[in-house]
Structure formats: C-alpha cells, structure tokens
Amino acid sequence: MTTTQQPVAELRQRHRAVLPSWLATYYREPIELTHGEGRHVWDSAGNHYLDFFGGILTTMTAHALPEVTAAISEQAGRILHTSTLYLSAPMVELAERIAELSGIPDAKVFFTTSGTEANDAALLLATAYRRSNQVLALRNSYHGRSFSTVGITGNTAWSPTSLSPLQTLYVQGGVRDSGPYAALSDAEFTAACVADLEEMLGQAQGSVAALIAEPIQGVGGFTHGPDGLLAAFRPVLERHGILWISDEVQTGWGRTGEHFWGWQAHGQAGPPDLLTFAKGVANGMSMGGVVARAEVMDCLTANSISTFGGSPITCAAALANLDYLVKHDLQGNALRTGALLRERLAEADLPVVRELRGKGLMLGVALPDAAAAGAALEHARELGLLIGRGGRAGDALRIAPPLSLTDAEAREGADLLIEALRRVTA
C-alpha cells in the first residue's frame, strides 16, 4: 500500500499540540479515517481497510448504513435538539423498545451520551437506592473514564487515580486463564469465585450497594468467566440486598451471537436489576443509557435533566439501527460468522497465540506479551485489516467487526489476521 505521509504527519503534530498527551492513538504512524461503507473504511491517504474493530465496537451494524443515514438526515431536517425538558416521541418510542428488549420487569430507561455516563448514572442510582457508597467490581474490569467509573475500574492500566467517591471491593471471576483459579474446572472455578465473594462481603463494613460486571470484559481483552457465574453470584447478592448491574456497553445487542444481552448467559437467576448500554445502539451516534426496575430508577429525590441524552437525532438513528438489526437477524449472523472466524483461527498453526476468547463477533486473541500484540496490530494494518487491542498488559487483540459481516469478509479477515500473526513469529 502507498501512503502519503506529510498531511498525516502535520495532523499528528497539530493533534499533539492541542490534545492531551494521554489521549492514545493506534499505530506508530497514526491514520485518519475519512469514510466508510459496510465493513470497509478508507484513510486520508487513500488506503483501504477491512474494519474488524468498528470504532471500538460502535459502528455496530455497518458503515454508512442507508437506513440509519436516511433516518438521521430526515430528523436533522426537522429538529436536531430539544432536551428532556420537552416531550420527544423518538425518545419515548426508543425507551419503550429498549425496556421491552431488556428483559427487566417494570423497566424504565434513562438516556445518556456514552457508556461512561451510563455506568456513572447506574452507580448513582444503585448507591442512592441502597444508601451506600460500597461497590463490588470484578478484577480486570473497565467501566469508563469519569471520576466515579475510573474509581471502580479493576484494570489499573486504565485507572489513572486511586482517589474515588466510592469504596470498591474487587472479586474474582472476570479472568479465566490466569490467577489462583485458572487450573480449576468451570464448576470448581464458579464455586471458588462464589466463595471469594462471600469472603469479601464478610470483610465489608456496612451494606454494599451493587455488583457491576461486564459479561465479557472489553478493555480487559475479551476475557470472561464460565456461563452461569453471575447467576451463581445472584443468591449471595440477594441475601445481602445487593443490586446487580450488568455492563452491556460492549456485549449488548446480539454481538455475542448466543444471546441478545451478555447477562442472558447468566440468566438462570433472572435478569439484572440494572443494565447499561451504549456503543453500537445508534451505530456511531453518541448514545448510552441505563435500564432499571422502576423502583430503582425512580429512587432519586432531587431534580435532574439531560441536555443531550435521548436527543431526537440520536434516537432516530437508534430506532433505525435496531429495526435493521432485528429485521436482518444480525445476532444470528454474529453467531455464524463469529464461529467461522474462530474456526479458521483455531485451525491455523499459530504458536504465538496463547488463547482464543470471547463469543460471536467479540473475539479475543491472547498473545505472549504487549510487544507481540503491538506488532500484530501494526502488521494487520499493513495488510489492510483494522483490529483492536486490550488485556491487562496490552497483550490481547480484540476482534469486533460490524454485525453485518459477510462470510466472505470473515474468511478474508481471518486470513489477514493469520498472516499478521505469522509475521509476529517470523
């Protein structure tokens, strides 16, 4: 591929001059993506890529999806913004649909502009409802970049301060392939994690507000415990009156293939008390939200509004996106194409791969160390494939294409990734 370096170099200089030094970019020579179509994107130098990361799992359905762009354009021609101080038919309609889809009985929905803000709101609700600032979280977790969500993030690579308005108690269960329980069977692992939870609660002073957990840890490198683990936690939580918050920012909307929500892999004890969502719901428009039982959602006694949450234009995009998702059974497509991807990767002779993780179109590839993952990221881009990176030590690749991925694109992407991984070992 040919690359025109000067304009990108100039943009990088300007970026460094006016944006924070801690605002990370991918690649030794960062790229600027200028347009996309389907599962493909192009950069400002004219290079074409197969997109297997979707802007951090946010272009959930497809780039430039006609149904979504038409809905945005039509709504923009009427009115862009009103705020929650006024009634909004798109917001009410979307809330009705999400409440029904959530599986939470008597559900209400509050819209935000991001997953960070959604988790922040869920923590506010849970701590206010329980009148406690103690929160349980899984080790290796990531829940956002605000002051409160950084404070409960178990992945220290993404937690820049130890200061927090919350007291966080970290329990086992998010990482299956390492730690003291790695050699156990799934049943033994689950039992050990439940015992760890019980032991941690025995140390807690006073009541704990909630357990917040990603069904599959996103930034953590797509790690997860056995199916049913959180269901095994549930009786313990209920005995103590502790709420369960399922962080579905990355696992929601059918990405795992097996289920529409990640919590459903742990649904033997019923749905969570709250779930949070964001990322792909509006296919790139800035939207997140919280779903909660009405009793929990309505517990706040002070006034509140949302200036941008649930705006007419983001709700129009989300409604069109969900219509497309359901009509075309993209959950089923994620199951099928994800299995194809995993099979091709598993069959390849790749000594550098330590473990394949995840479900559906949320696949993790664990490598020996951060250097190997960094090299694989670079090689994949050189070959025309965009992927993500994560893990506690930055040692895992994250594979999360738009859910409309075709079988041919799955095979093409798998072949490109396999070649990139072979170059790491060369």
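Residues numbered from 1 in each chain as written. Predicted model: local features only at pLDDT ≥ 70, side-chain atom pairs only at ≥ 80, totals over all residues. Heavy atoms only, no water.

1. Some details on the sheet that holds strand β11 (residues 355-359)
At step 1: Strand order in the open sheet formed by four strands is β11-β12-β15-β14, and the pairing between neighbours is antiparallel. On the outer flanks of this sheet lie β11 and β14 (388-390), each paired with one strand and no other. Adjacent strand axes in the sheet meet at a mean angle of 25° when their direction is disregarded.
At step 2: Strand direction decides the pairing type here: β11 and strand β12 (residues 362-366), joined by five bridges, are antiparallel. Bridge pairing links Glu355 to Ala366 in β12. (Pairing = 2+ DSSP bridges. Helix = DSSP H or I, 4+ residues; strand = E, 2+ residues; numbered from the N terminus. Axes fitted to C-alpha atoms, helices over the stretch in contact; angles between N-to-C directions.)

2. Some remarks on the pattern of salt bridges
Where charged atoms from two side chains of opposite charge approach closely, those side chains can pair.
At step 1: Here the structure, examined in full by the defined rule, presents 23 salt bridges.
At step 2: With its nearest N and O atoms 2.5 Å apart, the salt bridge here joins Asp323 to Arg97. Highlighted residues: Asp323 in helix α10 (residues 312-327) and Arg97 in helix α4 (residues 89-102), separated in sequence by 226 residues.
At step 3: The salt bridge partner of Glu355 is Arg357, with a shortest N-O separation of 2.9 Å.
At step 4: Classification of Arg357 by relative accessible area gives buried; the value is 8%.
At step 5: When salt bridges that share partners are traced, they join Arg28, Glu378, Glu382, Glu419 and Arg423 into one network. (Salt bridge = Lys/Arg side-chain N within 4 Å of Asp/Glu carboxyl O. Buried < 20%, exposed > 50% of the residue type's maximum accessible area, 1.4 Å probe, protein only.)

3. Comments concerning unusual backbone geometry
The bulk of non-glycine residues show a negative phi, and the bulk of peptide bonds are trans.
At step 1: Backbone geometry at Ile56 places phi at a positive 65°, although glycine is not the residue there.
At step 2: Tracing the backbone shows Ile56 in helix α2 (residues 54-57).
At step 3: Taking the relative accessible area as the measure of exposure, Ile56 reaches 38% and is therefore partly exposed.
At step 4: Phi is positive for Asp329, close to 45°, though the residue is something other than glycine.

4. Overview of the environment of Asp247
At step 1: Considering the arrangement of structural elements, one finds Asp247 in strand β8 (residues 243-247).
At step 2: Asp247 sits in the buried class, given a relative accessible area of 4%.
At step 3: Once the C-alpha coordinates of Asp247 and Leu367 are considered, the two residues, 120 residues apart in sequence, prove to be 26 Å apart.
At step 4: Once you skip the residues sitting within four places of it in the chain, Asp247 turns out to touch Asn119, Tyr142, His143, Ile212, Ala213, Glu214, Pro215 and Thr276. (Contact = heavy atoms within 4.5 Å.)

5. Focus on the packing of helix α12 (residues 370-383) against helix α13 (residues 407-425)
At step 1: It is at 8 Å that the axes of α12 and α13 come closest, and there the two elements cross at 130°. The orientation of α12 relative to α13 falls into the category oblique. In this structure, α12 crosses over α13, and the sense of that crossing is right-handed. Side by side, α12 and α13 meet where Ala372, Ala375, Ala376, His379, Ala380, Glu382 and Leu383 of the first sit next to Leu416, Glu419, Ala420, Leu421, Arg423 and Val424 of the second.
At step 2: A breakdown of the residues in the contact of α12 with α13 according to their chemical character gives nine nonpolar, one polar and three charged. (Parallel < 35°, antiparallel > 145°, perpendicular 65-115°, else oblique. Left-handed = near helix turned anticlockwise from the far one by under 90°. Nonpolar A, V, L, I, M, F, W, Y, C, P; charged D, E, K, R; others polar.)

6. Structural notes on the packing of helix α7 (residues 186-203) against helix α8 (residues 229-239)
At step 1: Packing of α7 against α8 brings their axes to within 9 Å, and their N-to-C directions diverge by 25°. In terms of their interaxial angle, α7 and α8 are classed as roughly parallel. As α7 runs across α8, the sense of the crossing is right-handed. Judged by residue contacts, Phe189, Thr190, Cys193, Val194, Leu197, Glu198 and Leu201 of α7 engage Leu229, Ala232, Phe233, Val236, Leu237 and Arg239 from α8.

7. A look at α12
At step 1: Its 14 residues give α12 an end-to-end C-alpha distance of 20 Å, which sits within 8% of 20 Å, the value for a rise of 1.5 Å per residue.
At step 2: Those residues of α12 lying buried are Ala372, Ala373, Gly374, Ala376, Leu377, Glu378, His379, Ala380 and Arg381.
At step 3: In this fold, the buried residues of α12 make contact with β3 (48-51), β13 (385-386), β14, β15 (396-399) and α13.
At step 4: Taking the backbone nitrogen of Ala371 as reference, a side-chain oxygen 3.3 Å away marks Asp369 as the first, capping residue of α12.
At step 5: Gly384, located one to two residues past α12, shows a positive phi value of around 100°. (Expected span 1.5 Å × (residues − 1). Polar contact = N/O pair within 3.5 Å; in protein donor to acceptor, adjacent residues only side chain to side chain.)

8. A few points about the packing of aromatic side chains
At step 1: Following the criterion strictly, the structure yields nine aromatic pairs and no others.
At step 2: Considering the side-chain rings of Tyr142 and Trp158, the 5.7 Å spacing of their centres and the 70° angle between planes classify their relative orientation as edge-to-face. On the criterion of sequence distance, the pair formed by Tyr142 in the loop between β5 (134-138) and α6 (147-151) and Trp158 in the loop between α6 and β6 (167-171) is long-range, its members being 16 residues apart.
At step 3: The structure contains a cluster of three or more aromatic residues connected by ring pairs, namely Phe111, Trp253, Phe260, Trp261 and Phe277. (Phe/Tyr/Trp six-rings, centres within 6.5 Å; stacked < 30°, edge-to-face > 60°.)

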